[in-house]
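# Overview (structure and organization)
Each chain is listed here by its residues.
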Amino acid sequence: MQLNIFYLIFLLLKMFKKLYLILLFFIFCFPNTTFSKEKNDKNLLAFSGGLWDWNDDNTAGLLNIEYRHGTRYGPFKPIVGGLINTDHGFFIYTGIRMDLYLTNTIVVTPSFAPGLYERGDGKELGHVVEFRSGLDLAYRRRDGGRIAAEVHHLSNASLDENNPGTETFLFTYSIPLN
């Protein structure tokens, strides 16, 4: 049992490595990139629609709802959300986001969220525990709301021998709550 815990910690650190590399890319390629322009942004409620498993022949529609907390904890902001696809599969998750402002209105946000997956009639991802890593490019409106395009990868990080993973593509509208 103890070996499984260490292996899970290793896999989580491996996933964080991807976020770290994305962060370094933006810092070196866009030296004026900053974390949040304000100490704390507004809380957002994000509604998304798009494609589940878009790079495979099992493509399905997808709806996602996510609460994005505006308070930063270091560079990270907490998120919690859920998605459902048209094959009756769903994924509920909680995780972190990191807003990188390229300009006052253009925001790139890497994210990471572990969660629980139920396949419904859709693709078998190999395990109930899945990890979602993603990147979104957003236009930030004056009122704090955002319009974005997002891509995510879901994988069980080899918790099971069967680890096909899946990709999502979403269009998102985020409503400021405060």
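Residues numbered from 1 in each chain as written. Predicted model: local features only at pLDDT ≥ 70, side-chain atom pairs only at ≥ 80, totals over all residues. Heavy atoms only, no water.

## So, the overall build of the protein
Formally: Starting at the N terminus, helices and strands are each numbered in turn, a helix being any DSSP run of H or I of at least four residues and a strand any DSSP run of E of at least two. Partly exposed residues are those whose accessible area sits between 20% and 50% of the maximum for their type, while under 20% is buried and over 50% is exposed, using a 1.4 Å probe and protein chains only. Contact between two residues is taken to exist if any of their heavy atoms lie within 4.5 Å; hydrogens are not considered. Only the protein chains shown count as cover for residues, and the accessible areas themselves come from Shrake-Rupley with a 1.4 Å probe.
Counting secondary structure elements, the protein contains one helix and nine strands. Helices (α) and strands (β) of the protein occur, in sequence order from the N terminus, as α-β-β-β-β-β-β-β-β-β. Taken across its 178 residues, the protein has 40% of its residues classed as buried. Within the protein, residue pairs in contact and separated by at least 24 positions form 55% of the contacts whose partners lie at least 6 positions apart. Accessible surface for the protein amounts to roughly 9500 Å². Of this, 65% is attributable to carbon and sulfur atoms.

## A word on unusual backbone geometry
Despite not being glycine, histidine 88 shows a phi value in the positive range, around 70°. Note that histidine 88 resides in the loop between β3 (77-85) and β4 (90-97). Within the chain, serine 158 stands out as a residue other than glycine whose phi angle is a positive 65°. Structurally, serine 158 can be placed in the loop between β8 (146-155) and β9 (166-176). On the accessibility criterion, serine 158 (39% relative accessible area) is partly exposed.

## What about the packing of aromatic side chains?
Note the threshold: Aromatic pairs are defined between Phe, Tyr and Trp rings, using the six-membered ring for Trp, whenever the two ring centres lie within 6.5 Å; interplanar angles under 30 degrees are classed as stacked, those over 60 as edge-to-face, and all others as tilted. To sit over a ring, a charge needs its Lys NZ or Arg CZ within 6 Å of the ring centre and within 35 degrees of the ring normal.
Scanning the entire structure with this criterion turns up four aromatic pairs. Judged by centre distance (5.5 Å) and plane angle (20°), the ring pair of phenylalanine 91 and tyrosine 93 falls under stacked. Ring geometry for phenylalanine 112 against phenylalanine 131: centres 6.1 Å apart, planes inclined by 10°, an arrangement best described as stacked. Taken together, the residues phenylalanine 112 in strand β6 (residues 106-118) and phenylalanine 131 in strand β7 (residues 129-140) connect sequence positions 19 residues apart. Neither residue differs from the other here; phenylalanine 112 and phenylalanine 131 are each classed as buried. Directly above the ring of tyrosine 93 sits arginine 132, whose terminal nitrogen or CZ lies 4.3 Å from the centroid.

## Notes on the nonpolar core
To keep things clear, this is the line we draw: For the purposes of this section, nonpolar cores are sets of buried Ala, Val, Leu, Ile, Met, Phe, Trp, Tyr and Cys residues that join through side-chain atoms within 4.5 Å.
One finds Trp52, Ala60, Leu62, Ile79, Leu83, Phe91, Tyr93, Ala113, Tyr117, Leu125, Leu154 and Leu170 forming the largest nonpolar core, which totals twelve residues. At the level of elements, β2 (60-68), β3, β4 and β6 are the ones that each hand at least two residues to this core. Setting aside anything within four residues of it in sequence, one finds phenylalanine 91 in contact with Gly81, Gly82, Leu83, Ala113, Pro114, Gly115, Leu116, Tyr117, Glu130, Arg132 and Leu154.

## As for the pattern of salt bridges
As a reminder, the rule being used: One speaks of a salt bridge when a side-chain nitrogen belonging to Lys or Arg is within 4 Å of a carboxyl oxygen belonging to Asp or Glu.
One pass over the full model with this rule turns up 14 salt bridges. Residues arginine 146 and aspartate 41 are paired through a salt bridge, measuring 3.4 Å at the closest nitrogen-oxygen approach. On the criterion of sequence distance, the pair formed by arginine 146 in strand β8 and aspartate 41 in the loop between α1 (2-29) and β1 (44-52) is long-range, its members being 105 residues apart. Residue arginine 146 shares its accessibility class with aspartate 41, and that shared class is buried. As a salt-bridge pair, arginine 68 and glutamate 66 come within 2.6 Å of each other at their nearest N and O atoms.

These results come straight from atomic positions and should not be treated as a statement about function.
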